[in-house]
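# Understanding the architecture of this molecule
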Amino acid sequence: MARTPADLVEAEPDPPFEITFDGRTVTALPGQSVAAALWGAGILAWRTTRHGGRPRGAFCGIGQCYDCLATVNGEPNRRACLVPARPGDAITTQEGHGHADLAV
Amino acid sequence: MPTSPSEPYDLAVIGAGPAGLAGAVTAGELGLSVALLDAAGTTGGQYFRHPAPGLGAARPQALHHDWAAFAALRRRLGASGVTHLAHHHVWTVQRQDDGPWTAHALTGAEGDTPVRVRARAILLAAGAYERQLPFPGWTLPGVVGAGGAQAMLKSGLVLPGQRVVVAGSGPLLLAVASSLATAGAHVPAVIEASGYLGYAHRPLTLVANPHKLLEAAVHGTALLRHRIPLRTRSAVTEVHGTDRVEAVTVSRLDRDWRPLPGTGRRIACDALAVGHGLLPRTELATGLGCATRRAPDGTHALALGDLQETSVPGLWAAGETGGIGGWQLACAEGELAGIAVAARLRGLPALTGSRRVRDLARRRDRMRAFADTMAAAHAPGPGWTGWLTDATDVCRCEEVTVGGIREAVTGLGARDTRTVKLLTRAGMGWCQGRMCGTAVACLAAAGTEQGTVPPSAERRPLAVPVPLGALADQPAENDRTS
């Protein structure tokens, strides 16, 4: 029986690359979304809510719920389940609406 | 083929899942110029979601029972001349008088480049998304949609945890549990709120759809092989954990899905995959005034004619947008629509009188009947709100609780989702009520005399969030023409 999803489909991926999550190095595989790369590293939350400051991550997995919003390379409100991971991407936890820099 | 570069396509197909693929290749093979738009990078939709080429999956079919059918459609697509526009998020469809249709989409690496695709006919094959019902703790990281877990596994080859409880209602749960277990997760239990006896009320429909019995047997066998118990008439009524899932409480339900006090039983797990059936994605069509019908499970689907046309001439639909029914039904409907569009645009009504069309229509009607039986068997019972507490979040985006909505209903007199939204912001956030809409409708109905006002059909003027810059700036040079 397969022990991992990659074993199951007999995956031989192209060489892995590194992205960072809040400064920590995470290994991603070519073709994975940002959310998939984070799940692969055991990370399930990359946003805190606007009111309660509660942790959130991917929920619907198909771009419909917007719970997986993350800040990708400084750009907030990207749907991590849809955005492909690219070498060197810096993912940071999105706090609230992600535009704290615009506050007066 | 069109001779001028600014000429519209004959047909724009929105959605590259089974229905859209079947429609696009059929129309392409009949000589139409076709654009096939989809938000994803690869074809297949949700059902045939598969790893991107970079993941080097030698056997993607290990996560699919029907891969050969998809591989055949994909081969035909490659040979058909259909233009596949990947990573195109369609946000609205418009038509000026009797001219061609315009599908407005966003694309590009940042997802904010506006493009327009013009076509003489539209086939809407936008699929479905999961119906969710809230319960205490459902916003904790580690609680994911059942379809979401399946999607992340099929495309990204990842799991949300090592011990994953699968819960909710509907046949998708069996498929998800079977995939997760086959891919290495431990699934302590599948928790189904209905009783599965609902199917027995329509034995003839079951006999007429042997492929569905076979599917059930395949998933049932997988559950047995992995020793996964199926608990019917039960639901997850609480999730435990502070920053992520540590366990769930499963309670027995009565026939109306009301939790039975004192039956709670704790199951340790690090993730929960949950869903309560699927909702048709109809907003692009309802925005154009297309008529809808109410399916037996309370969802709203597009009302379609014998040849898949909506109530708006020139706009066809196929697959889950016309009611949840599975991939084989979607393929039959897509092919029917492709033939119907070709017949209309080429002025060849004889195309729709063929034996093939009669066969497809018969198969469609048979599978629709099964889908209705299934929808009725898994329709949420009115007692489900019994597992909510006032502190339970209902609207995930705006963090609106059950208590806030009940106050709007009992204290302020709200009787429908729109009034609840105006008073509480429930459904006003990023997802525009896609996740909480069903629950808000049920809670609002509690204030009415009959207590069962059905949710209204989905109406959203924009199908995805659009940057103001994209709305203001509609440059003609971004037109995609054939």
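Owing to the predicted nature of the structure, the values given are computational and were not obtained by experimental measurement.

## A closer look at the overall build of chain A
- The secondary structure content of chain A amounts to two helices and eight strands.
- Projecting the C-alpha coordinates of chain A onto the three principal axes gives extents of approximately 55 × 25 × 20 Å.
- Within chain A, the fraction of its 104 residues that count as buried is 52%.
- Long-range contacts, defined as pairs at least 24 residues apart, comprise 35% of the intrachain contacts of chain A with a sequence gap of at least 6.
- Carbon together with sulfur atoms contributes 51% to the accessible area of chain A, which is approximately 4,700 Å² in total.
- A gap of 10 Å separates the mean positions of the 9 positive and 11 negative side-chain charges of chain A.

## Quick notes on the interface of chain A and chain B
- Listed per partner, the contact involves 48 residues of chain A and 57 residues of chain B.
- Note on chain A versus chain B: buried area summed over both sides is about 4,300 Å², and carbon and sulfur give 59% of it.
- Of all residues in chain A, the largest losses of buried area upon contact with chain B belong to Trp39(A), Phe59(A) and Gln64(A), amounting jointly to 18% of the total for that side.
- Scanning the region where chain A abuts chain B turns up two salt bridges.

## A short note on the packing of aromatic side chains
- Within this structure, the stated rule accounts for eight aromatic pairs over all chains.
- With a centroid separation of 6.1 Å and an interplanar angle of 20°, the aromatic rings of Tyr47(B) and Trp327(B) are classed as stacked. Of this pair, Tyr47(B) sits in the loop between strand E2 (34-37) and helix H2 (67-80) while Trp327(B) sits in helix H8 (residues 327-346); the two residues are 280 residues apart in sequence, bridging distant segments of the chain.
- Taken together, the ring pairs in this structure connect Tyr47(B), Phe48(B), Trp67(B), Phe70(B) and Trp327(B) into an aromatic cluster.
- Note that Lys154(B) overlies the ring of Tyr47(B), its terminal NZ or CZ placed 4.9 Å from the centroid.
- A cation over an aromatic ring shows up here: Arg396(B) above the ring of Phe59(A), its NZ or CZ 3.7 Å from the ring centre.

## Section: the environment of Gly161(B)
- Along the chain, Gly161(B) turns up in the loop between helix H3 (146-156) and strand E9 (164-169).
- Beyond its immediate chain neighbours, meaning those up to four positions away, Gly161(B) contacts Ala185(B), Asp270(B) and Ala271(B).

## Examining the sheet that holds strand E8 (residues 94-95) of chain A
Residues and elements named next belong to chain A.
- Strand order in the open sheet formed by three strands is E4-E3-E8, with mixed pairing between adjacent strands. Sheet topology places strand E4 (55-56) and E8 at the edges, where each strand pairs with a single neighbour.
- With two bridges connecting them, strand E3 (residues 47-48) and E8 associate as parallel partners. Counterpart to Arg47 in the pairing with E8 is Gln94.

## Remarks on empty space enclosed by the protein
All names here are of chain B.
- Within the structure shown, the criterion is met by two cavities of 30 Å³ or more.
- Along the walls of the largest cavity sit Phe135, Ala167, Gly168, Ile191, Ala193, Ser234, Ala235, Val236, Val274, His276 and Trp387, which together make up its complete lining.
- Those elements giving two or more residues to the lining of the largest cavity turn out to be E9, strand E12 (234-240) and strand E15 (271-276).
- Residues of the lining of the largest cavity, tallied by class, amount to eight nonpolar, three polar and no charged.
- Each pocket or cavity is described by its volume, and for the second largest cavity that value is around 40 Å³.
- Looking at the lining of the second largest cavity residue by residue, the class counts come to five nonpolar, three polar and two charged.

## Quick look at the nonpolar core
- Within the largest apolar cluster, 57 residues are counted, with the highest numbers of intra-cluster contacts made by Phe135(B), Val143(B), Val239(B), Val248(B), Leu272(B) and Ile405(B).
- Every element with two or more residues in this core is listed here: E9, E12, strand E13 (247-252), E15, strand E20 (393-395), helix H10 (402-411) and helix H12 (437-445) of chain B.

## Details of H3(B)
- Burial of H3(B) is extensive: 10 of the 11 residues sit out of reach of the surface.
- Those residues of H3(B) lying buried are Ala146(B), Gly148(B), Ala149(B), Gln150(B), Ala151(B), Met152(B), Leu153(B), Lys154(B), Ser155(B) and Gly156(B).
- For H3(B), the secondary structure elements touched by its buried residues are helix H1 (5-8) and helix H2 (34-40) of chain A together with strand E7 (128-130), strand E8 (143-145), helix H4 (172-182) and E15 of chain B.
- Taken from the residues just after H3(B), Leu157(B) is the one with a positive phi, measuring 55°.

The rules behind these values
Residues numbered from 1 in each chain as written. Chains lettered and ligands numbered in written order. Predicted model: local features only at pLDDT ≥ 70, side-chain atom pairs only at ≥ 80, totals over all residues. Heavy atoms only, no water. Helix = DSSP H or I, 4+ residues; strand = E, 2+ residues; numbered from the N terminus. Buried < 20%, exposed > 50% of the residue type's maximum accessible area, 1.4 Å probe, protein only. Contact = heavy atoms within 4.5 Å. Areas by Shrake-Rupley, 256 points an atom, 1.4 Å probe, with all protein chains shown as cover. Lys, Arg positive; Asp, Glu negative; His and termini not counted. Charge placed at Lys NZ, Arg CZ, Asp CG, Glu CD. Buried area = accessible area lost by both parts, 1.4 Å probe. Salt bridge = Lys/Arg side-chain N within 4 Å of Asp/Glu carboxyl O. Phe/Tyr/Trp six-rings, centres within 6.5 Å; stacked < 30°, edge-to-face > 60°. Lys NZ or Arg CZ within 6 Å of the ring centre and 35° of its normal. Pairing = 2+ DSSP bridges. 1 Å grid on protein atoms, 1.4 Å probe; cavity = no way out; pocket = protein on both sides within 12 Å on 5 of 7 lines; lining within 4 Å. Points joined across faces, edges and corners; volume = space filled by probe spheres on them. Nonpolar A, V, L, I, M, F, W, Y, C, P; charged D, E, K, R; others polar. Core = buried A, V, L, I, M, F, W, Y, C linked by side-chain atoms within 4.5 Å.

Everything listed is a geometric property; what it means functionally is a separate question.
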